[in-house]
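# Fold and geometry: a report
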Amino acid sequence: MCAMQRNTTPCYYTDYLQLDKLLGAQQPESPKYGQEAHEEMLFIIVHQAYELWFKQILHEMKAIYGEFNQQTIPDEALGRIASRLERIVSIQKLLIDQISIMETMTPLDFLDFRDYLVPASGFQSIQFKEIEITLGLKSENRTNFDKASFYNRLNATDREHLQALEERPSLFDCVENWLARIPFFEYGDFKFWDAYADAVDRMLTSDRAIIENNDYLAEQDREFQLKDLANTRRSFDALLDADSYREMQAAGQFRLSQKALLGAVFINLYRDEPMFQQPFRVLTALTEIDENFTTWRYRHVMMVQRMLGSKIGTGGSSGTDYLRQTTENNRFFKDFFSLSTFLLPRSALPALPEPLKKALNFYFHPSEVKSEQSTKV
Ligand code: HEM
């Protein structure tokens, strides 16, 4: 890397941040129709602040995507990916908090200017849609209303831009490919998924004995618990059987491929091993991004209900009903929430063979440095 150059022209705060443009960009609609509505400034600034943070999120996502969309991802890249995902998580927390600033505007204040905004709406936030699409939301996964209205509310340039984005692999696709490539499932004679199936069997057989031998259980409760245990066994069996898994996938229970989900389960089970610590950080951050997105949607719909009651939105949707559906439906990494079903307590985990444990560890050991130094002296 070459040395950093010194600046040749003095930098001036106002120019550097282009504050003339930024602070000249708040143009309320209400004065055009009579008196300025005091609250419209807040409405504009809150939305603009969101759009700025969306821009930063997309900036991070672009870098993350560049690193992820490769056949092999070096360990140091995983560290960078995790840090950037964690930055997105922090920004999202701020975005969730900003809703309470918006809520200092009362519904009556909103009515002073709301009608001037028709048909503009959050629907037309291209950056928001870019974030959704980059994370992995496809048109076919959207709710029916959203499917029908998503593209026809946009101008041709925005529509073509988003359609092109949908064509390329999303972050979900990249993560799925990466997880499916996780090595170590088979190491010499050791077949991890056979050992895992045995461990599951031992655990569920022991659980069954506990339920059967519990004298304090009423017969009805015992039956209920045994039935529940049989369901748990079926879920484990389906995870390990390609055909049953495909059926679960077709029924919408999982979106990830079986191989990718198994990879995610493996990372979660052995996340204490040094080699899996960065992958685990990445999975945790993706899970938090999904959770924060859903929390934002939920907070937004609560605010909308408070502001509009059962009125329709300025963009023409049913308002709260539509938004509530997107909260449930528009998830990206929901599978990471369901995979806890397949975790075993650490005490029940199959022990990894010593050479595999070594392969998952960092090689450096202080004694090696000491002996090298002593030979040099
Ligand atoms: C008084 C405050 C707000 C109200 C009453 C409101 C209302 C609505 C309504 C009714 C919709 C559904 C689409 C429609 O028919 O228009 C919507 C969508 C949306 N709003 Fe808001 N909103 C408010 C504030 C915000 C803020 C501060 C943001 C931040 C950027 C925002 C971002 C969005 C986005 C991104 C959508 C599209 C969501 C999707 O299609 O999944 N809204 N909003």
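Computed from a predicted structure; not experimentally measured. (Residues numbered from 1 in each chain as written. Predicted model: local features only at pLDDT ≥ 70, side-chain atom pairs only at ≥ 80, totals over all residues. Heavy atoms only, no water.)

## Quick look at the packing of aromatic side chains
Aromatic ring pairs are reported here in terms of the distance separating the ring centres and the angle at which the planes meet. The criterion, for reference: Aromatic rings from Phe, Tyr and Trp, taking only the six-membered ring of Trp, are treated as a pair when their centres fall within 6.5 Å; an angle between ring planes under 30 degrees marks them as stacked, one over 60 as edge-to-face, and anything in between as tilted. Strands are runs of DSSP state E lasting at least 2 residues, helices are runs of H or I lasting at least 4, and numbering of each runs from the N terminus. We call a charge positioned above a ring when the Lys NZ or Arg CZ atom is no farther than 6 Å from the ring centre and deviates by at most 35 degrees from the ring normal.
Taken as a whole and assessed by the stated rule, the structure comprises 27 aromatic pairs. Considering the side-chain rings of Phe192 and Tyr196, the 5.8 Å spacing of their centres and the 35° angle between planes classify their relative orientation as tilted. Here the residue Phe192 and the residue Tyr196 both occupy positions in helix α10 (residues 192–212), the gap between them amounting to four residues, near one helical turn. Joined through ring pairs, the aromatic side chains of Phe190, Phe192, Trp193, Tyr196, Phe236, Tyr245, Phe254, Phe266, Tyr270, Phe276 and Phe342 make up one cluster. If you follow Arg255 out to its NZ or CZ, it ends over the ring of Phe172, 3.9 Å from the centre. Taking the ring centre of Phe337 as reference, the NZ or CZ of Arg331 above it sits at 4.7 Å.

## Topic: the coordination of the iron atom of the ligand
To keep things clear, this is the line we draw: Each metal site is built from N, O and S donor atoms within 2.8 Å (3.2 Å for Na, K and Ca), and since water is not included, such sites may look incomplete.
On the protein, His300 (NE2) is the one donor atom to the iron atom of the ligand, at 2.2 Å. Tracing the chain through its elements places His300 in helix α14 (residues 274–308).

## A few points about the confidence of the model for the protein chain
We apply this condition: What pLDDT conveys is the predictor's confidence in a given residue, as a value from 0 to 100. Should any heavy atoms of two residues lie within 4.5 Å, those residues are counted as being in contact.
Summing up the model confidence of the protein chain, the mean pLDDT is 90 and the portion of residues at 70 or higher is 95%. Model confidence for the protein chain, summarised as mean pLDDT per element, is weakest for helix α18 (residues 366–376) at 51 and strongest for helix α2 (residues 19–23) at 98. Note that pLDDT drops below 50 for residues 372–377; the model gives that stretch zero contacts with residues more than four away or on any other chain.

## Considerations on empty space enclosed by the protein
So the rule is basically this: A cavity here means a set of 1 Å grid points, computed over protein atoms only, where a 1.4 Å probe fits but cannot escape. A pocket is an open set with protein on both sides within 12 Å along at least 5 of 7 lines, and lining residues have an atom within 4 Å of a point. Grid points are joined across faces, edges and corners, and a volume is the space filled by probe spheres set on the points. Each residue is assigned to one class: nonpolar for Ala, Val, Leu, Ile, Met, Phe, Trp, Tyr, Cys and Pro, charged for Asp, Glu, Lys and Arg, and polar for all the others, Gly among them.
This structure, assessed with the given rule, holds one cavity of 30 Å³ or more. Lining the largest cavity are Tyr50, Phe54, Ile57, Gln92, Leu95, Ile96, Phe128, Ile131, Asn292, Phe293 and Trp296. Mapped by element, the contributors of at least two residues to the lining of the largest cavity are α3 (40–68), α4 (75–102), α6 (126–135) and α14. Its residues placed into classes, the lining of the largest cavity shows nine nonpolar, two polar and no charged.

## Concerning the environment of Asp207
Turning to its location among the elements, Asp207 is positioned in helix α10. Separated by 114 residues in the primary sequence, Asp207 and Asp321 place their C-alpha atoms 43 Å from one another.

## Observations regarding the layout of surface pockets
Taken as a whole, the largest pocket spans an internal volume of roughly 1300 Å³. In this structure, the largest pocket is lined by 50 residues; those nearest its centre are His47, Ser121, Gly122, Phe123 and His300. Among the secondary structure elements, those contributing two or more residues to the lining of the largest pocket are α3, α4, α6, α14 and α15 (320–329). In terms of residue count, the dominant contributor to the lining of the largest pocket is α3 (nine residues).

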